[in-house]
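# Coordinates in review
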Amino acid sequence: MMSNAILSIQDLQVNYGGIEAVKGISFDVPEGEIVTLIGANGAGKSSTLRTIAGLVKPKSGTITYMGEDITGKDPTAIVTKGITLVPEGRRIFPDLTVKENLKLGAYTRKDDLSDDINWVFDLFPRLKEREWQAGGTLSGGEQQMLAVGRALMSRPKIMMMDEPSLGLAPLVVRGIFDIIKEVNKQGVTVLLIEQNANMALKTAHKGYVLETGRITMSGSGAKLLADESVKAAYLGT
Amino acid sequence: MEFFISQILSGISVGGQYALIAIGYTMVYGILRLINFAHGDVFMVAGLMMIYLSASMPLYISVPVVLILTVLLGFLIERAAYKPLRSAPRMSVMISAIGVSYLLQNVALYVTGGQPTTYPAIPFISKPVNIFGVPTQWVTIITPVMVIILVVLLTMLINHTKVGMAMRAVAKDFEASQLMGIKINSIISITFIIGSFLAAVGSILYFTKYPTVVPTSGAMPGLKAFVAAVFGGIGSIPGAVIGAFIIGVCETIIKGTAFTVFSDAFTFALLIVILVVKPTGLFGERATDKV
Ligand SMILES: Nc1ncnc2c1ncn2[C@@H]1O[C@H](COP(=O)(O)OP(=O)(O)OP(=O)(O)O)[C@@H](O)[C@H]1O
Ligand SMILES: [Mg+2]
């Protein structure tokens, strides 16, 4: 285990009934870095993040966060500790306004939120213009911004993101990745899942390849980008 | 003319009582997509508790105690009968609700021995009063006023507080709410607590006008309130309230004609017509189900 890992996963196994979704994976997320997990459909990427977030209880294995075993803790405890998940498909609250969505992101906090709301509005000026609009009426890209902004409202140490580029136009995707880098520069560790492996590996300091529930390869983003088998399987070149 | 005024007044009052029950149905449906069949029986139990408690303590104690016990009953029903089935198919939870409904009725039968019990006269609200020259009881006036006050308070809670925001979030998406750190079980409990509280208030107003309580006393008002909730668009609080007033007034008007025996059938006929014209009810949301 690396000593500077803020999050460390050991032999994580996740089952749904009889289906083995994650078959004993181990990986580290070093503090302050962007780490990406790439893999095909059904490889177990979402299951891994959902387990870390506390939505799913693992069958076995341990999740260590800043030296503390947080395996099997409930989602409220996990968010309060500083781990947040931007879920697959964004999952913003469609009937609530943009502002209310952001406030809900800070649900576990009791302090003043105005600085954080301004911080999110600085990152995403488009959200500020749409402060009073219902979340469901935003465009796909704006909804993704809202989902990221909402997650940031919890003042996370780690932000996990499940396929933020899903269904977005290339230009918007680039914007989202710029924000990921910006947020990371401001000190937030990022654990990113992507099918858009090219973009993810270019952005990440470190990457892992997940295949049918197992990690088959790891290394720096640049190393994986150059790897022939990764190219063949995930980059379509 | 006097007859007409008296009909309208009494219709509004009945509607108000249905409204207080209907809010419980519609809120629980909104958050769990569950028709809580036991809700009408909770209303009946509140009536029975009032009879037994007021026999041994003054009203200024028994009224708050009944409110508290009813809230506790609603909370316990959810924890014992619905929470363990959170990830079960919706049909299983429905059956659990039907089970609780019969359990409450059977317990009521056991406790009362099947004898109709007489509701205590609550001073002031059961006093006679003349309105536009029509003799009635104070409860007739107090009911709609009380309903409006409670609905305004409830709407403020839902639209302008953190808990209310969490309730709206949980009603849409359990998982995303959990990711925000919302404890969904607490929010669901709060929903049952509010619903049961309003049903308890409704039972005091209702049984003051129809002062015998039997184990099936909750069934008809419960069903009417449920119809009101569907009529207004289930899940919508303003819908349930408006639906309840419409049903209350229509029903009382029919009861004043030669067709009085058809008043219940009329209620359902009205529901069917509305649902044919507008399948989601007056204020129902589009058929976007919970993800
Ligand atoms: N709630 C569930 N119940 C049963 N099986 C599930 C559930 N969620 C996921 N699975 C199964 O677990 C496996 C891994 O799914 P997961 O969603 O983690 O994959 P993924 O890598 O995120 O895929 P994608 O790229 O398509 O999002 C799949 O075979 C899936 O069918
Ligand atoms: Mg996935």
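To start, this report covers the structure provided alongside it. (Residues numbered from 1 in each chain as written. Chains lettered and ligands numbered in written order. Predicted model: local features only at pLDDT ≥ 70, side-chain atom pairs only at ≥ 80, totals over all residues. Heavy atoms only, no water.)

Summing up its helical and strand segments, chain B has eleven helices and four strands in all. At 19 Å, chain B has a C-alpha radius of gyration in line with the 19 Å of a compact globule built from 291 residues. Across its three principal directions, the C-alpha atoms of chain B cover 60 × 50 × 35 Å. Expressed as a percentage of its 291 residues, the buried residues of chain B come to 53%. (Helix = DSSP H or I, 4+ residues; strand = E, 2+ residues; numbered from the N terminus. Rg over C-alpha atoms; globule rule 2.2 N^0.38 Å. Buried < 20%, exposed > 50% of the residue type's maximum accessible area, 1.4 Å probe, protein only.)

What follows is about the coordination of the magnesium ion (ligand 2). Residues and elements named next belong to chain A. Here the magnesium ion (ligand 2) is held by Ser46 (OG) and Glu88 (OE), and the distances to it run 1.9 to 2.7 Å. One end of the pair, Ser46, is in helix 1 (residues 45-52); the other, Glu88, is in the loop between strand 6 (83-86) and helix 3 (98-105), with 42 residues separating them in the sequence. On the accessibility criterion, Glu88 (34% relative accessible area) is partly exposed. (Donors = N, O, S within 2.8 Å, 3.2 Å for Na, K, Ca; no water.)

Let us now look at the site of ligand 1. All names here are of chain A. In the vicinity of ligand 1 there are 14 residues, among which Asn41, Gly42, Lys45, Ser46 and Ser47 approach most closely. Contacts to ligand 1 include Asn41, whose side-chain N or O atom sits 2.7 Å from an oxygen atom. A distance of 2.9 Å is found between an oxygen atom of ligand 1 and a backbone nitrogen or oxygen belonging to Gly44. Against a free-state accessible area of 630 Å², the protein chains account for coverage of 64% of ligand 1. For the shell around ligand 1, the elements supplying multiple residues, two or more each, are strand 2 (19-30) and helix 1. Considering every element that reaches the shell around ligand 1, the biggest residue donor is helix 1, with three residues. Its residues assigned to classes, the shell around ligand 1 comprises five nonpolar, six polar and three charged. (Near = heavy atom within 4 Å. Polar contact = N/O pair within 3.5 Å; in protein donor to acceptor, adjacent residues only side chain to side chain. Areas by Shrake-Rupley, 256 points an atom, 1.4 Å probe, with all protein chains shown as cover. Nonpolar A, V, L, I, M, F, W, Y, C, P; charged D, E, K, R; others polar.)

Quick look at the pairing of strand 7 (residues 158-162) of chain A now. On a regular strand, each side chain points to the face opposite its neighbour's, so the side chains alternate between the two faces of the sheet. All names here are of chain A. The buried fraction of strand 7 amounts to five of the five residues, a majority that puts the element mostly inside the structure. Taking every second residue as pointing to the same face, both faces of strand 7 are buried, with Ile158, Met160 and Asp162 on one and Met159 and Met161 on the other. Of the strand pairs in this sheet, strand 6 and strand 7 are connected by four bridges, and their pairing is parallel. In the strand pairing of strand 7, Val86 is matched with Met161. Where strand 7 and strand 8 (residues 189-194) come together, five bridges link them in parallel fashion. Looking across to strand 8, one finds that Met161 is bridged to Leu192. (Pairing = 2+ DSSP bridges.)

Once that is clear, we can look at the sheet that holds strand 6 of chain A. Strand pairing in a sheet relies on backbone hydrogen bonds. The paired strands run either parallel or antiparallel. Residues and elements named next belong to chain A. An order of 6-7-8-3-9-10 is seen for the six strands of this open sheet, with the pairing classed as mixed. If you trace the sheet from one side to the other, it starts and ends with strand 6 and strand 10 (214-220), each paired once. Along the sheet, successive strands turn relative to each other by an average axial angle of 15 degrees, direction set aside. Looking at chain direction, strand 9 (residues 206-211) and strand 10 are connected through six bridges and run antiparallel. Its bridge partner being in strand 10, Tyr208 is matched across the sheet by Ser218. Together, strand 3 (34-38), strand 6, strand 7, strand 8 and strand 9 form the strand contacts of helix 1, whose direction differs from that of strand 8 by roughly 150 degrees. The sheet contacts of helix 10 (residues 228-235) involve strand 3, strand 9 and strand 10, and relative to strand 9 the element is tilted by about 65 degrees. (Axes fitted to C-alpha atoms, helices over the stretch in contact; angles between N-to-C directions. Contact = heavy atoms within 4.5 Å.)

Residue and element names in this part refer to chain A. As summarised here, the arrangement of the four strands in space is 2-1-4-5, forming an open sheet in which the pairing is antiparallel. Strand pairing shows two members of the sheet lacking a second neighbour, strand 2 and strand 5 (68-69), which therefore form its edges. Sheet analysis places strand 4 (residues 60-65) next to strand 5, joined by two bridges and oriented antiparallel. Across the sheet, residue Thr64 finds its bridge partner in strand 5, namely Asp69. Sheet strands in contact with helix 1 are strand 1 (5-16), strand 2 and strand 4, and its direction is about 115 degrees off that of strand 1.

Residues and elements named next belong to chain A. Mapped onto the elements, Ala204 comes out in the loop between helix 8 (197-203) and strand 9. C-alpha of Ala204 to C-alpha of Leu49: the two residues are 155 residues apart in sequence and 17 Å apart in space. Discounting chain neighbours no more than four positions away, the residues touching Ala204 are Ile34, Val35, Thr36 and Gly221.

So, about the interface of chain B and chain A. Opposite the 19 residues of chain B that make contact, chain A presents 23 residues. Carbon and sulfur atoms make up 63% of the area that chain B and chain A hide from each other, which totals about 1,900 Å². In this structure, the connection of chain B to chain A is made through five salt bridges. Here chain B and chain A share eight residue pairs in polar contact (both at pLDDT 80 or more) between them. Elements with a minimum of two residues in the side of chain B that touches chain A: helix 6 (162-172) and helix 7 (174-179) of chain B. The greatest single-element share of the side of chain B that touches chain A, amounting to six residues, is contributed by helix 6 of chain B. Residues of the side of chain B that touches chain A, tallied by class, amount to nine nonpolar, four polar and six charged. (Buried area = accessible area lost by both parts, 1.4 Å probe. Salt bridge = Lys/Arg side-chain N within 4 Å of Asp/Glu carboxyl O.)

A few words on the pairing of strand 1 of chain A. Residue and element names in this part refer to chain A. With nine bridges connecting them, strand 1 and strand 2 associate as antiparallel partners. The partner of Ser8 across the bridge, within strand 2, is Asp28. A loop of two residues connects strand 1 with strand 2, the two strands running antiparallel in sequence, and Gly17 in this loop sits at a positive phi of about 55 degrees. Pairing between strand 1 and strand 4: five bridges, direction antiparallel. Bridging across to strand 4, Gln13 finds its partner in Ser60.

This part takes up helix 11 (residues 263-277) of chain B. All names here are of chain B. Over its 15 residues, helix 11 extends 21 Å from the first C-alpha to the last, a length consistent with the 21 Å expected when each residue adds 1.5 Å. For helix 11, the complete set of buried residues consists of Ser263, Thr267, Leu271 and Ile274. Mapping the buried residues of helix 11 onto a view down its axis gives an arc of 95 degrees, with all of them on the same face. Exposed residues pointing more than 90 degrees away from the buried face of helix 11 are listed as Ile272 and Val276. (Expected span 1.5 Å × (residues − 1). Arc of directions from axis to C-beta.)

A few words on unusual backbone geometry. All names here are of chain A. Non-glycine residue Glu163 carries a positive phi angle of around 50 degrees. Relative to the helices and strands, Glu163 resides in the loop between strand 7 and helix 7 (170-185). Judged by its relative accessible area of 5%, Glu163 falls in the buried class.

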